[in-house]
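# A structural walkthrough
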Amino acid sequence: MIEMNTKLKDLVNNLEIGIFRYSLDSRGKFVFANAAFSRMLNKKTEDVLGISFQDICENPEELTRLNTKICSQGRVENEWIGLKREDGSLIQCSIKAVLVKDDNEKDLLIDGIIEDITEHKKAREGLLQAKLAAEEASSAKSMFLANMSHEVRTPMNAVIGMLDLTLETDLTDDQKDNIETAKEAADNLLSLLNDILDISRVEAGKIVLEKVKFDLWKVTDSVGKGLSVLANKKNIQLTVNVDPKVPRMIVGDSTRLRQIIINLLNNAIKFTAKGSVELKVGVASSLEGEVELLFSVTDTGIGIPKDKQQAIFEVFTQADASTTRKFGGTGLGLAISRKLVEMMSGKIWIESEEGVGSTFFFTARFDVSDQLQTQDEKEHKKVFVQGKEPVTKAARILNILLAEDNPLNQKIAVKLLEKKGWLVEVVDNGQKAIDHIVDKNFDVILMDVQMPVLDGLEATKKIREQEKQTGKHIPILAMTARAMVEDEKKCIESGMDGYIPKPIDAVKMYSIIEQVLEKG
Ligand code: ADP
């Protein structure tokens, strides 16, 4: 027995945690147990003294493991042990104990504290189960959306392609108007599909940002150029202004940055009837090897009332209920942008006055290094006027191999390619594509990704493998309705040279094909 003065005894017995001393003599036995420990076991204290851990431990193997650990390391911490109570019920306990020597320096003792965590564990397991179930549901939702998007995109490809082709035929004014309206609706449906897919993937934590070196001026210029058509149609001046202090070469996810800027510029142009829209980029702060950039998009549009300025960053929220009727849109763009900005360790906010205009600001962090920068950094300012039609080079007849299993998609792609005067041969799986290029020269292969027998990614890998012997390189472009950034990455990793998203935008497809051939 342990000799204790009364105060110490009271203290030890009042504590709501089990305290014990255990003697490691021949079989082992408890030589001290406080009131809490006895209560835990539902025994009288005198009944605890003299019994051993073997008598109350649920699992002998667990006990042997703990015993070995304490004897070799001198202590155990944060271990779990299952104990049997007097009535046979089981409790889960956490245990912390140290190995000590008795006063006579001969006998070994274990002093420890023990706590009943049965309820805590149950709650934890419940939470864990709930978390797993939620994760499973979320990933099922995400998969469902990805598949749905694919399933919907394939027929949309046919709809948009056929409308495009019909628009190029002789039509009465009425027919042209009808088809143009249908085309606009199909385009809107497609962009809604993209937004829903994006927000669900962001929310499911499925989007991982890339860290790749890129030229910021190229991003701002191409976005400006792309949107100049829209701005010029409305007679709005679109300007891009990058401060000279902004490092030109930065490391981050240019695709997602582009997505945020396009969304803000698109809105700015959409909600502005006259005046101007300006994108500005400056430095917010810089640290060793890192820069925080401040982007702003200013318009002279309708503005946003103060009480709506927070809500518009939430999903499916628009400043004014009549917005959808007047301007279209779904209220997803800013929510996606906010999530992406947060992933770039930044913030997004707005300053706006009704009837005067709005400025959307956002910050984002990028990696930088001095080695990446060029010498002559200067201000980069551009006013975008609507680009002229790209000058087409002297027409060259291309030989194209199309690997696509869906007959509708085959028909559309062939029609669009033949319209350029190009020659097209069609196969319906990846293996046939490989067989087909053995004794024929093609300028480019357009490869669907999902195909029977051998899919587009595997076929490309095989072709690249074979080319190691011949030293040739045939350009391969993916054609797929799977439009997520990760899918694009998979295509490039398999050895493809580029990516044509479905539904096919004819002009885009021609220019991607011409670009890849120019690169050689
Ligand atoms: P959508 O434009 O598809 O409705 P967003 O999330 O991009 O979705 O925008 C949400 C709402 O915020 C818009 O519907 C509009 O009411 C408001 N808004 C966004 N940008 C502007 C802007 N530049 N000027 C005025 N209102 C804007």
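Before reading on, note that the structure itself is shown above.
Residues numbered from 1 in each chain as written. Predicted model: local features only at pLDDT ≥ 70, side-chain atom pairs only at ≥ 80, totals over all residues. Heavy atoms only, no water.

## As for the overall build of the protein chain
Tallying secondary structure elements over the protein chain gives 16 helices and 18 strands in all. Expected size for 520 residues packed as a compact globule is a radius of gyration near 24 Å; at 34 Å, the protein chain overshoots this value by more than 25%. In terms of overall dimensions, the protein chain has C-alpha extents of about 105 × 65 × 50 Å along its principal axes. In the protein chain, which comprises 520 residues, the share counted as buried stands at 42%. Contacts in the protein chain between residues at least 24 apart in sequence constitute 64% of all its contacts with a sequence separation of at least 6. About 28,700 Å² of surface is accessible on the protein chain, with carbon and sulfur atoms providing 52% of the total. Each charge class in the protein chain can be summarised by its mean position, and for the 70 positive and 82 negative side chains these summaries are 2 Å apart. (Helix = DSSP H or I, 4+ residues; strand = E, 2+ residues; numbered from the N terminus. Rg over C-alpha atoms; globule rule 2.2 N^0.38 Å. Buried < 20%, exposed > 50% of the residue type's maximum accessible area, 1.4 Å probe, protein only. Contact = heavy atoms within 4.5 Å. Areas by Shrake-Rupley, 256 points an atom, 1.4 Å probe, with all protein chains shown as cover. Lys, Arg positive; Asp, Glu negative; His and termini not counted. Charge placed at Lys NZ, Arg CZ, Asp CG, Glu CD.)

## Notes on the pattern of salt bridges
Counting across every chain of the model gives 27 salt bridges. The shortest N-O distance in the salt bridge between Arg65 and Glu79 comes to 3.0 Å. With a gap of 14 residues between them, Arg65 in helix α5 (residues 60–73) and Glu79 in strand β3 (residues 75–84) connect regions that are remote in the sequence. In this structure, Lys183 and Asp187 form a salt bridge, with 3.4 Å as the shortest nitrogen-oxygen distance. Taken together, the residues Lys183 and Asp187, both in helix α7 (residues 173–203) and 4 residues apart, mark about one turn of the helix. It is possible to trace a salt-bridge network through shared partners that takes in Arg65, Lys69 and Glu79. (Salt bridge = Lys/Arg side-chain N within 4 Å of Asp/Glu carboxyl O.)

## A look at the sheet that holds strand β17 (residues 476–480)
An order of β15-β14-β16-β17-β18 is seen for the 5 strands of this open sheet, with the pairing classed as parallel. A single partner strand is all that each edge strand has here, and the edge strands are β15 (423–427) and β18 (498–501). Looking at each pair of strands side by side, their axes are set apart by 25° on average, direction ignored. In terms of strand pairing, strand β14 (residues 399–403) meets strand β16 (residues 444–448) through 4 bridges, oriented parallel. Counted as the bridge partner of Leu402 is Leu446 from β16. Lying on the sheet, helix α14 (residues 456–470) is in contact with β16 and β17; it crosses β16 at an angle near 150°. (Pairing = 2+ DSSP bridges. Axes fitted to C-alpha atoms, helices over the stretch in contact; angles between N-to-C directions.)

## Observations regarding the nonpolar core
Of all hydrophobic cores here, the largest spans 48 residues; its most connected members are Leu216, Leu257, Leu265, Leu293, Phe295, Phe362 and Phe366. Tallying contributions element by element places helix α9 (residues 254–270) first for this core, with 7 residues. Beyond its immediate stretch of four places on either side in the chain, Phe362 contacts Leu257, Ile260, Ile261, Leu264, Leu293, Leu294, Phe295, Val341, Lys347, Ile348 and Trp349. Among the nonpolar cores identified, the runner-up in size contains 25 residues, and Leu398, Val414, Tyr510 and Ile513 belong to it. (Core = buried A, V, L, I, M, F, W, Y, C linked by side-chain atoms within 4.5 Å.)

## Observations regarding the sheet that holds strand β4 (residues 90–101)
Pairing is antiparallel across the open sheet formed by 5 strands, whose spatial order is β2-β1-β5-β4-β3. Of all the strands in the sheet, just β2 (29–33) and β3 have a single pairing partner and so form its edges. Geometrically, the sheet is characterised by an average inter-axis angle of 35° between neighbouring strands, direction not taken into account. One ladder, built from 6 bridges, connects strand β1 (residues 18–23) with strand β5 (residues 108–116); its direction is antiparallel. Of the residues in β5, the one forming a bridge with Tyr22 is Ile110. Running over the sheet, α5 touches β3, β4 and β5 and is turned about 155° from β3.

## Notes on helix α16 (residues 506–519)
If you check α16, its first and last C-alpha atoms are 20 Å apart, about what 14 residues at 1.5 Å a residue would give, namely 20 Å. Within α16, burial applies to Ala506, Met509, Tyr510, Ile512, Ile513, Val516 and Leu517. Summarising the axial view, the buried residues of α16 lie within an arc of 165°, below the 170-degree limit, and thus occupy one face. Among the exposed residues of α16, those oriented more than 90 degrees off its buried face are Val507, Glu518 and Lys519. On its buried face, α16 sits against β14, α12 (407–419), β16, β17 and β18. (Expected span 1.5 Å × (residues − 1). Arc of directions from axis to C-beta.)

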